[in-house]
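Observations on the model geometry
What follows is each chain in one-letter form.
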Amino acid sequence: MTAFTAVIARDLRLAWRAPADSATVIAFFVLAVVLFPFGVGPEPQILARIAVGIIWVTALLACLLSLERLFQLEAEDGSLELIVLSPAPLELLVFGKCVAHWLTTGLPLIAVSPLLALLLNLHVDGYAALLLALALGTPTLSLIGAIGAGLTLGTRRGGALLPLLVLPLYIPVLIFGVAAVEAAVAGLPTRPHLLLLGGLLALGLPLAPIATASALRQATA
Amino acid sequence: MHRFANPARFLRLGAAIMPWSTGVAVLSLAAGLYFALFASPADYQQGESVRIMYVHVPAAWMALFIYTSLAATSAIALVWKHPLADLAAKAMAPVGAAFTALCLVTGSLWGQPMWGTWWVWDARLTSVLVLFFLYLGHIALNNAFDDPTRGARAAAVLAIVGVVNVPIIKFSVDWWNTLHQPASITRLAAPAIDPAMLRPLLLMAIGFTAYFVSILLLRIRTEILARKLRTLRYMQGAEAPAPAVAGERI
């Protein structure tokens, strides 16, 4: 357990000392969302209709952007081998990395999203659902993304490969995340969609660290 | 199974099977195409374009069947570390991707006259499209490493992650579709299929499966021989310090 908290504390300290990394991801998120009104026109009704989709898709892409360096630094300076060799279970340490990734990427994304929803004229009833859906969905994104980051470690073109591996696996989160908010806007119950998002998270929590740990063992073998 | 993990034994078995599977593939594809194109009635609703289905439906079956085989092979490769399983997984992924692409293309060609559009965001179409991307990811990851073993292992993990996710994607896409788009299109809604139409369909399915077996055996054999060649070249390079190996990509 101390190893688990140590991994989280280390990553948080690194993120704190180089805040530009996380800031870039958030800047990308905001900028990419802001591009859409230029693309589809500034009519409030159209923007309100597609606001949820834009926010979710852009959040997915922003998360993807940050994944590449999830294990990259460790692989470069050799500490990844020490992490793999450590007596603590690798799955637990990987889970710690995922938690740290979510705290430095997912949480800021959630924090900015109401502002973006405001810019895109999202219906007032959708805000709570958007925040809840993002809170349940983004940890799953970090967990699935960690598998992709582990698998592409040491590839010749990791950056281009990662979206191809990870984005198809992100589709369920996107579908239920958007559905929850649209249900809220339409005055329907959001509970089923949020429960499904929670179910995905519940599946990802135990399974994703196992797959990621297996990928990291191969990467360092 | 472990008995045939030996490449030499596998090659002998493959050489024995291949003429038969190729023969079955050629015969049943020829018969299937004859029945599909000439000796079967046109559908009363779909007209002549129903004939596309005789390629489309077996291709869709193959796409799913090969992905399941790919995941099973990957699990075997990870658990027992048979190098042959790695080779088999690497050999079958492009074939599966090709069948998925064939399924998408023929479906699109059928959709244009039937639905009046090349593409609909229907649940089934979308999930097949995602399956195609999973195949592409597997192929890309397999080829992304300088060390082929590492690529095979990483791709195996991905195939297994994919197989956990495929039902989830499938169901989520189904629900997504029903939420947004009330059932406007139901495919192949006919309750029972006429024997005259079932015959070419089954023949084509058998032909596709036999073709898959042949092409898989051929691809595995090619891969084994390519590795032998590479090993030989290294051994030569080790004996005589010739610079021939230097530019070689592993």
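Quick note: structure is the one above.
Position numbers for residues start from 1 in each chain and track the written sequence from start to end. Chains carry letters and ligands carry numbers; both start at the beginning, A for chains and 1 for ligands, and go up in the order they are written. The model is predicted, so local features are restricted to residues of pLDDT at least 70 and side-chain atom pairs to those at 80 or more, both for listing and for counting; the totals for chains, interfaces and linings are taken over all residues. Working from all heavy atoms in the structure, the side-chain values ignore hydrogens and water.

1. Some details on the overall build of chain B
What chain B contains, in helices and strands, is 6 helices and 0 strands. Think of it in three bands: with a 1.4 Å probe and only protein chains considered, a residue is buried below 20% of the maximum accessible area for its type, exposed above 50%, and partly exposed in between. In chain B, buried positions account for 44% of the 250 residues. Once local pairs closer than 6 in sequence are excluded, the contacts in chain B between residues at least 24 apart make up 76%. We get accessible surface area from the Shrake-Rupley algorithm with a probe of 1.4 Å; when it comes to residues, only the shown protein chains can shield them. Summing over all exposed atoms, chain B offers an accessible surface of approximately 12,900 Å²; the carbon and sulfur share of this is 71%. In this description a helix means any DSSP run of H or I spanning at least four residues, a strand means any run of E spanning at least two, and both kinds are numbered starting from the N terminus. Should any heavy atoms of two residues lie within 4.5 Å, those residues are counted as being in contact.

2. Focus on the packing of helix H3 (residues 44-67) of chain A against helix H6 (residues 90-119) of chain A
Residue and element names in this part refer to chain A. Where H3 meets H6, the axes come as close as 11 Å, and the angle between the chain directions of the two elements is 155 degrees. Between H3 and H6, the crossing angle belongs to the class labelled roughly antiparallel. Pair H3 / H6 crosses with right-handed handedness. Where H3 approaches H6, its residues Ile55, Ala59, Ala62, Cys63, Ser66 and Leu67 are matched on the opposing element by His101, Thr105, Leu109, Ser113, Leu116 and Ala117. Considering only residue class, the contact of H3 with H6 consists of 8 nonpolar, 4 polar and no charged. Working convention: axes come from line fits to C-alpha atoms, limited for helices to the stretch in contact. Angles between N-to-C directions cover 0 to 180 degrees. By the definition adopted for this analysis, an angle is roughly parallel if under 35 degrees, roughly antiparallel if over 145, roughly perpendicular if from 65 to 115, and oblique otherwise. Working rule for handedness: look at the near helix, and if it is turned counterclockwise from the far one by less than a right angle, call the crossing left-handed; if clockwise, right-handed. When residues are grouped by polarity, Ala, Val, Leu, Ile, Met, Phe, Trp, Tyr, Cys and Pro land in nonpolar, Asp, Glu, Lys and Arg in charged, and all others, Gly among them, in polar.

3. Section: the nonpolar core
Definition used in this section: a nonpolar core is a set of buried Ala, Val, Leu, Ile, Met, Phe, Trp, Tyr and Cys residues joined via side-chain atoms within 4.5 Å. Grouped together as the largest cluster of nonpolar side chains are 123 residues, with contacts concentrated most on Phe29, Trp56, Leu130 and Leu151 of chain A. Not counting residues within four places of it along the chain, the set of residues in contact with leucine 151 of chain A comprises Leu165 and Ala215 of chain A together with Leu141, Phe145, Arg150, Ala154, Val157 and Leu158 of chain B.

4. Overview of the packing of H6 of chain A against helix H9 (residues 191-220) of chain A
Residues and elements named next belong to chain A. In the contact formed by H6 and H9, the axes pass within 8 Å of each other and the chain directions differ by 110 degrees. Here H6 lies roughly perpendicular to H9, going by the angle between them. On the side of H6, the interface is formed by Leu90, Glu91, Val94 and Phe95, while H9 contributes Leu205, Pro209, Ile210, Thr212, Ala213, Leu216 and Arg217. Classifying every residue of the contact of H6 with H9 gives 8 nonpolar, 1 polar and 2 charged.

5. Side note on the side chain of threonine 138 of chain A
All names here are of chain A. Tracing the backbone through its elements, the reader meets threonine 138 in helix H7 (residues 126-151). Assessed through its relative accessible area of 3%, threonine 138 is described here as buried. When residues no more than four places from it in sequence are discounted, the contact partners of threonine 138 are Trp102, Gly106 and Ile110.

6. Digging into the pattern of salt bridges
Residues and elements named next belong to chain A. Throughout this description, the term salt bridge denotes a Lys or Arg side-chain nitrogen within 4 Å of a carboxyl oxygen of Asp or Glu. This structure, assessed with the given rule, holds 10 salt bridges over all chains. For arginine 10, the salt bridge identified is with glutamate 74, shortest N-O distance 2.9 Å. Of this pair, arginine 10 sits in helix H1 (residues 2-17) while glutamate 74 sits in helix H4 (residues 72-77); the two residues are 64 residues apart in sequence, bridging distant segments of the chain. Judged by relative accessible area, which is 29%, arginine 10 ranks as partly exposed. Taking the relative accessible area as the measure of exposure, glutamate 74 reaches 2% and is therefore buried. Between aspartate 11 and lysine 97 there is a salt bridge, and its shortest N-O distance comes to 2.9 Å. Taken together, the residues aspartate 11 in helix H1 and lysine 97 in helix H6 connect sequence positions 86 residues apart. By relative accessible area, which is 4% here, lysine 97 ends up buried. Here the residues in one salt-bridge network are Arg10, Asp11, Glu74 and Lys97, joined through shared partners.

7. Observations concerning the environment of phenylalanine 133 of chain B
One can find phenylalanine 133 of chain B in helix H4 (residues 123-142). A relative accessible area of 35% places phenylalanine 133 of chain B in the partly exposed class. For phenylalanine 133 of chain B and threonine 100 of chain B, which are 33 residues apart along the polypeptide, the C-alpha to C-alpha distance reads 9.7 Å. When neighbours within four sequence positions are excluded, phenylalanine 133 of chain B is seen to be in contact with Leu164 and Pro168 of chain A.

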